[in-house]
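Reading the structure
Given next are the chains, with one letter for each unit.
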Amino acid sequence: MRILMHKQMKRRGFVPDLRVYTTLFSCFITIRDWGSYGKLLEQVGQLHSHYLEYANTIKKTNPDSPELSTLPTRAYIRILGRAGKHEEMWDVLNFMEETGPLPPDLITYHLVLEAVGQRQLLGLSPDARLALGAESASQGKLLWRQMLKYVENNPSAQLDSYTVSAMLGILARGTPTDVLYAFDIIRDYLGLSKPGETAKPAVVQLESFTFHRILELGIYARKYRLTIHYYDQVVETQPALVDNRHVECVLRAHASLAALNSDDYEAPRALDKLLWLLKEWAVAGKPKHLEPKSEHFDSVLCCCHRTASWSVATHTFEALTGYRAADFADDEAAARAQRPCPPRDPPSKRNHNPDYAFLSHFVRTALHTGDPAIMRQCLRIVQCVQPRWELPEDYRNLDPSANTRFNVHNNARFYFMRMASDVIKLIDVVVPKDVERDRYSEQEGKWMKLRRTAVNLYKEGSSLRKPVTPFLAEDLLGSRGDLATLDRGGVPAPGTYSDANGESDTVERKQHIWF
């Protein structure tokens, strides 16, 4: 309809001006998916050509006319980027630079940069993904140099945080050299230094979304210590900039480091950052952008189970739920034999129920302590906070090919299965296998009933399509071959229900988990 109006205007002798072209393009940029609009896209290209002809005519008579603007070209570049027509987009940019009536400005370069960063990597083979990432990074560096040259020649123009953030996202897809170049940009333009470096004055103001991109970049590049270092710098100098997304990133950095070390260094520091977030959230009046999420508590617990940091695990449990972990110890539990759950003070205005990932890490932490008293305490906690056991919702529609960072159903079933496996192991430790005894105590009877439930659900889950191993999961599930062992009262063999060597858990999948 709008294209038709433009044709009718020209047919009747009216000359469309800048306002007409801008209005038309402002309508077309609202289209997000151009897959079914191939003919319309061709007509939009013709419309852009008509505007360039009009601009050429105006420029010959009045080079300073307000009718000369890059607005229609900016809109057309955005449309081409969304349509995946990257070659045509580069042709438009090159024409502007070489012979076009209007040279590109900083916003034009930014829109091309944005389109380069939006090229999809998911669904490609590992080799194709690496090649496209390297190509995008190369194009991004070319655009970055052009923008710096433009700023140098036009002092009134300044880079902004949006452009820097887009550039960091593109470089993250490239080679290790490209990633190092990204860290140089962070130092030179955002004022954040590496350890041992002197921080430079910030050229571009650091915004919350750019800081989030910096932390994502550090995790993507597996520079976990550097990620924590950047976070600490900002907390010290600009604490008001930090929100729950940044804390989640730094907690995942701690969890990743915990997977690489055998000491108990990361868990207490991760807990400190979680407690800082809880305090800031409460002091600020409990706003949404500071609200602790399940992922924050899960990441702290992920640090605990590898080093059996039971004290940190129980402190995190108390912060999440409002229960006192000591109330589930042997003496306290015996004093209230008829009440499985003690009183608690649940936190208000936020989630206070542990999810399957939390409970899986929590159970595994207790298992790794090797202390039967702690294992009994853990089983009481699990029975209290998870009284009903069932496979997670939508498990039959599992998509193991999806990006597991955000694949909620995949992760829920993985951690549920691992929790069931570890609960079976806990019960086999705390309930002695005495062939001469013909009955269990009341508490042991409840645990044996829980064991039968866990075995049945483990069997059911194992007969279905296997979930992809989440990024931070180190110890994997048992295999179908262990089901007979479960029936005989044994436990799953370690590491046999694993896709660690499969295509779904490749380095490429892990690397692109954040982007």
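A brief report on the enclosed structure follows.

What counts, and where the lines are drawn
Residues numbered from 1 in each chain as written. Predicted model: local features only at pLDDT ≥ 70, side-chain atom pairs only at ≥ 80, totals over all residues. Heavy atoms only, no water. Helix = DSSP H or I, 4+ residues; strand = E, 2+ residues; numbered from the N terminus. Buried < 20%, exposed > 50% of the residue type's maximum accessible area, 1.4 Å probe, protein only. Contact = heavy atoms within 4.5 Å. Areas by Shrake-Rupley, 256 points an atom, 1.4 Å probe, with all protein chains shown as cover. Phe/Tyr/Trp six-rings, centres within 6.5 Å; stacked < 30°, edge-to-face > 60°. Lys NZ or Arg CZ within 6 Å of the ring centre and 35° of its normal. Core = buried A, V, L, I, M, F, W, Y, C linked by side-chain atoms within 4.5 Å. Expected span 1.5 Å × (residues − 1). Disulfide = S-S within 2.5 Å. Axes fitted to C-alpha atoms, helices over the stretch in contact; angles between N-to-C directions. Parallel < 35°, antiparallel > 145°, perpendicular 65-115°, else oblique. Left-handed = near helix turned anticlockwise from the far one by under 90°. Nonpolar A, V, L, I, M, F, W, Y, C, P; charged D, E, K, R; others polar. Salt bridge = Lys/Arg side-chain N within 4 Å of Asp/Glu carboxyl O. Polar contact = N/O pair within 3.5 Å; in protein donor to acceptor, adjacent residues only side chain to side chain.

**Quick look at the overall build of the chain**
- Scanning the chain from terminus to terminus reveals 22 helices and zero strands.
- Burial status across the chain gives 52% buried among its 515 residues.
- The contacts in the chain between residues at least 6 apart in sequence include a share of 69% that link residues at least 24 apart.
- Total accessible area computed for the chain in this model is approximately 24,600 Å², and 51% of it derives from carbon and sulfur atoms.

**Observations concerning the packing of aromatic side chains**
- The full count for this structure, using the stated rule, is 18 aromatic pairs.
- For the pair Phe183 and Tyr230, a centre-to-centre distance of 6.3 Å together with 35° between the ring planes defines the contact as tilted. One end of the pair, Phe183, is in helix H9 (residues 176–190); the other, Tyr230, is in helix H11 (residues 224–237), and 47 residues separate them in sequence.
- Phe183 sits in the buried class, given a relative accessible area of 2%.
- Classification of Tyr230 as buried rests on a relative accessible area of 1%.
- One Lys or Arg, Lys141, reaches over the ring of Tyr181 and ends 5.8 Å from the middle of that ring.

**Overview of unusual backbone geometry**
- Residues other than glycine seldom take positive phi values, yet Arg222 does so here, at roughly 60°.
- Checked against the element boundaries, Arg222 lands in the loop between helix H10 (208–220) and H11.
- Phi at Lys286 is positive, roughly 60°, even though this residue is not glycine.
- Along the polypeptide, Lys286 turns up in the loop between helix H13 (266–283) and helix H14 (294–304).

**What to know about the nonpolar core**
- Grouped together as the largest cluster of nonpolar side chains are 144 residues, with contacts concentrated most on Leu168, Ile186, Phe317, Phe362 and Trp389.
- At 11 residues, the largest contribution of residues to this core is made by helix H19 (residues 408–430).

**Overview of the side chain of His254**
- On the secondary structure map, His254 appears in helix H12 (residues 244–260).
- Judged by relative accessible area, His254 falls into the buried class, the value being 2%.
- If sequence neighbours within four positions are ignored, His254 has contacts with Ile228, Glu266, Arg269, Ala270, Lys273 and Cys303.

**Some points on H10**
- For H10, with 13 residues, the first-to-last C-alpha span of 18 Å sits near the 18 Å given by 1.5 Å per residue.
- When you tally the buried positions in H10, you get 11 out of 13 residues, the bulk of the element.
- Those residues of H10 that sit buried are Ser208, Thr210, Phe211, His212, Ile214, Leu215, Glu216, Leu217, Gly218, Ile219 and Tyr220.
- Just past H10, the residue Arg222 takes up positive phi, approximately 60°.

**A short note on the state of the cysteines**
- According to the stated counting rule, one finds one disulfide in the structure shown.
- No disulfide involves Cys302; its nearest neighbouring cysteine sulfur is the one of Cys303, lying 6.3 Å away.
- For Cys303, a relative accessible area of 1% corresponds to the buried category.

**A closer look at the environment of Asp17**
- For Asp17, the location among the structural elements is in the loop between helix H1 (2–11) and helix H2 (18–28).
- You can call Asp17 partly exposed: its relative accessible area is 29%.

**Thoughts on the packing of helix H18 (residues 372–385) against H19**
- Running from N to C, H18 and H19 point in directions that differ by 130°, and their axes come no closer than 10 Å. In terms of axis orientation, H18 runs oblique to H19. Note that H18 runs across H19; the crossing there is left-handed. Touching Pro372, Met375, Arg376, Cys378 and Leu379 of H18 are Val423, Leu426, Ile427, Val429 and Val430, all from H19.
- Counted by class, the contact of H18 with H19 contains nine nonpolar, no polar and one charged residues.

**A few points about the packing of H11 against H12**
- Put simply, H11 and H12 touch, their axes get as near as 9 Å, and they point 150° apart. Our pair here, H11 against H12, has a crossing hand that is left-handed. Across the interface between the two elements, Tyr224, Arg225, Thr227, Ile228 and Tyr231 from H11 touch His246, Val247, Val250, Ala253, His254, Ser256, Leu257 and Leu260 from H12.
- Its residues assigned to classes, the contact of H11 with H12 shows eight nonpolar, four polar and one charged.

**With respect to the pattern of salt bridges**
- Evaluated as defined, the whole model comprises 21 salt bridges.
- Its salt-bridge partner being Arg187, residue Asp184 comes within 3.5 Å of it at the nearest N-O pair. With a gap of three residues between them, Asp184 and Arg187 both fall in helix H9, about one helical turn apart.
- Judged by its relative accessible area of 26%, Asp184 is partly exposed.
- Ionic pairing is found between Glu266 and Arg225, a salt bridge with its closest N-O pair at 2.6 Å. Separated by 41 residues along the polypeptide, Glu266 in helix H13 and Arg225 in helix H11 bring together distant segments of the chain.
- Judged by its relative accessible area of 41%, Arg225 falls in the partly exposed class.
- Shared partners join several salt bridges into a network, and the residues in it are Asp184, Arg187, Asp188, Glu197 and Lys200.

**Section: helix H17 (residues 356–369)**
- The terminal C-alpha atoms of H17 lie 20 Å apart, and with 14 residues this matches the ideal 20 Å at 1.5 Å per residue to within 8%.
- Packed against the buried residues of H17 are H14, helix H15 (310–321), H18 and H19.
- The N-cap of H17, judged by a side-chain oxygen 3.3 Å from the amide nitrogen of Ala357 a few residues on, is Asp355.
- Gly370 sits one or two residues past H17 and shows a positive phi near 70°.

**Considering the environment of Ala373**
- The topology assignment puts Ala373 in helix H18.
- Its relative accessible area of 31% is what places Ala373 among the partly exposed residues.
- Through-space distance from the C-alpha of Ala373 to that of Ala329 is 7.4 Å; in sequence the pair is 44 residues apart.

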